[in-house]
Amino acid sequence: MPYIPHTKTCVETMLANIGEQEIDALFDEIPPTLQLSHIEGLPEGQDELDVLRDFAEIANRDPKLICFAGAGSYDHHIPAAVWDVTGRGEFMTSYTPYQGEASQGTLQLLYEYQSMMCALTGQDVSNASVYDGGTALAEAVLMAIRSSPRARRAKRFEVLAASGVHPHYLAAVNTCVSGQGITLRSLAMNDDGVTRQDLPDGEPPIALIVQQPNVFGRLEDVDALSRWAKAHGVMLIAVVNPMSLALLKTPADWGDGGADIVCGDGQPFGVPMASGGPTHGFITCRKSLVRQLPGRIVGRTEDHQGRTGFVLTLQAREQHIRRAKATSNICTNQGLLVTASTLYLSIMGASGIREIAARCHENTRQLTRALCGLGDVERRFAGPVFHEDVIRLPRPASDVSAALARDWGIFAGIPLGSWYPELDDCLLVCATEKRTDSEIEHYRHALREVLGA
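Small disclaimer: the values here were computed from a predicted structure and weren't measured.

Enquirer: Explain the sheet that holds strand S12 (residues 388-392) to me, using residue names and the numbers behind them.
Expert: Pairing is antiparallel across the open sheet formed by four strands, whose spatial order is S11-S12-S15-S14. Each edge of the sheet is formed by a strand with only one pairing partner; in this case those strands are strand S11 (378-379) and strand S14 (414-415). Here S12 runs beside strand S15 (residues 426-430); their pairing, made up of five bridges, is antiparallel. Looking across to S15, one finds that Arg-392 is bridged to Cys-426.

Enquirer: Hey, could you go over the packing of helix H10 (residues 397-408) against helix H11 (residues 437-452) for me, with residue numbers and the actual values?
Expert: Look at H10 against H11: their axes get within 10 Å of each other, and the N-to-C directions meet at 115°. Classified by chirality, the crossing of H11 by H10 is right-handed. Between H10 and H11, the contacting residues are Val-400, Ala-403, Leu-404 and Trp-408 on the first element and His-442, Tyr-443, His-445, Ala-446, Leu-447, Glu-449, Val-450 and Leu-451 on the second. Looking at the contact of H10 with H11 residue by residue, the classes come out as nine nonpolar, two polar and one charged.

Enquirer: So what's going on with a nonpolar patch on the surface? Which residues, and what values?
Expert: Taken together, the side chains of Ile-18, Ile-23, Leu-26, Phe-27, Ile-30 and Leu-34 define a hydrophobic patch exposed on the protein surface, amounting to about 580 Å² of accessible area. With respect to the helices and strands, the residue Ile-18 is situated in helix H1 (residues 8-18). Ile-18 sits in the exposed class, given a relative accessible area of 52%.

Enquirer: Lay out the packing of aromatic side chains in plain terms, naming residues and giving numbers.
Expert: Across all of its chains, the model carries five aromatic pairs by this definition. An angle of 55° between the planes, with centres 5.1 Å apart, marks the rings of Phe-216 and Phe-381 as tilted. A residue pair is termed long-range when its members are at least 10 positions apart, and Phe-216 in the loop between strand S5 (207-212) and helix H8 (222-231) and Phe-381 in the loop between S11 and S12 qualify at 165 residues. Both residues of the pair, Phe-216 and Phe-381, belong to the buried class. Taken together, a centroid distance of 5.1 Å and an interplanar angle of 50° make the contact between Phe-216 and Tyr-420 tilted. Taken together, the positions of Phe-216 in the loop between S5 and H8 and Tyr-420 in the loop between S14 and S15 put the pair 204 residues apart, joining distant regions of the chain. Here Phe-216 and Tyr-420 have matching classes, each one buried. Ring pairs connect the aromatic residues Phe-216, Phe-381 and Tyr-420, which therefore count as one cluster.

Enquirer: Give me the lowdown on the sheet that holds S5, citing residues and values where you can.
Expert: Spatial ordering of the open sheet is given by S2-S8-S7-S6-S5-S3-S4, a layout of seven strands whose pairing is mixed. At either margin of the open sheet sits one strand with a lone partner, and together these are strand S2 (125-126) and strand S4 (182-186). Of the pairings in the sheet, the one linking strand S6 (residues 235-240) to strand S7 (residues 261-265) comprises four bridges and is parallel in character. By the bridge assignment for S7, Val-239 is matched with Cys-263. Where helix H6 (residues 133-147) meets the sheet, it contacts strand S3 (157-161), S4, S5, S6, S7 and strand S8 (281-285), and its direction lies at approximately 165° from that of S7. Docked against the sheet, helix H7 (residues 167-177) engages S3, S4, S6 and S7, running at close to 160° with respect to S4.

Conventions and cut-offs
- Residues numbered from 1 in each chain as written.
- Predicted model: local features only at pLDDT ≥ 70, side-chain atom pairs only at ≥ 80, totals over all residues.
- Heavy atoms only, no water.
- Pairing = 2+ DSSP bridges.
- Helix = DSSP H or I, 4+ residues; strand = E, 2+ residues; numbered from the N terminus.
- Axes fitted to C-alpha atoms, helices over the stretch in contact; angles between N-to-C directions.
- Left-handed = near helix turned anticlockwise from the far one by under 90°.
- Contact = heavy atoms within 4.5 Å.
- Nonpolar A, V, L, I, M, F, W, Y, C, P; charged D, E, K, R; others polar.
- Patch = residues over 30% accessible without salt bridge, like charges linked within 9 Å, V, L, I, M, F, W, Y side chains within 5 Å.
- Areas by Shrake-Rupley, 256 points an atom, 1.4 Å probe, with all protein chains shown as cover.
- Salt bridge = Lys/Arg side-chain N within 4 Å of Asp/Glu carboxyl O.
- Buried < 20%, exposed > 50% of the residue type's maximum accessible area, 1.4 Å probe, protein only.
- Phe/Tyr/Trp six-rings, centres within 6.5 Å; stacked < 30°, edge-to-face > 60°.

Structure representation (structure tokens):
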């Protein structure tokens, strides 16, 4: 956002209005012993032209890689209008819309966002975002514990996570719940990259987490997992890539009754990869659980003259600052990024999102066909995927990935060895709608050369 400094006249006018002579008077309550007249090692100031030139030089040090990586952050095309509008001062500088009469534009946008997320996930209610996909899942687990009738009489709080839930998400969950008497346990994985169906007997968990598509890009048997959860009185939490919902059935339609809570990361909808963040997380749920839904919720109402208005509803501001007594300690949302996602969804529409999802799926199939025609390269897991897949290489994947980045300008994918040591020779690849035939052919040629060397 452009920075416009105050002129000397502006400063003098503002000081005169508050009855002060100089700016230092605004800081007179800070003891002199804590004030610094200068900072050691701070260089002299630069003019705008020099600063921009230095920043451009630093930015040019980053290699311009063709991105075939996914694993939660995806290189989708973002129409220019999305951030042209998002960057307007009305959105860029707006604060939390507690004062409804002064925030109708922001509140209406958030309401439209919630409506679209409910339509995508098949749920009744959506919040206005949390920090990212990992914290959305952590909040969903806490929400399930608060909402489950079985949790009130349970001696222990155990949550099962399907084997294909993203390791970063599970790490975020552990950080948030491990100190609250909640145990997170992973289910075993089949050799085809999906969760084994021989689920444990005995005392059922409070909740079951299922990711669709999972971290390997594979499609889980969500109907069977959903039926097991319902049969055992287990809350079902669905983690989804929202782009995939343009093609796959909504979590509300899984099995007999569907998911109770749906969460994930909104990054595919108009948010740049930006080296991994920031993004925004979403949570949707059944209407019966709305009182436990964290974050802010925008509702639509009418005034005494019958005019439509938008307001924060069901939660007071104080709920977000009550520490241990609060429903959630997430005290702000990612409103600017939600603005981008709302504009993206509005511009693309349902048919546009469906077309992009289909092109992503086809590009990934084309990519794996091209790469798996090279000698010992093969798909690690058989079965359907959305727009990510795992390939097995004849050498450690991290070595191959580094060579492709260094010598060929290709971000080849995510080496899986750091997450799953048994998959040290495996690479998680992704091809969004941005990848062209020539880029896929360039990857195939480069991989052949690297493996041959």
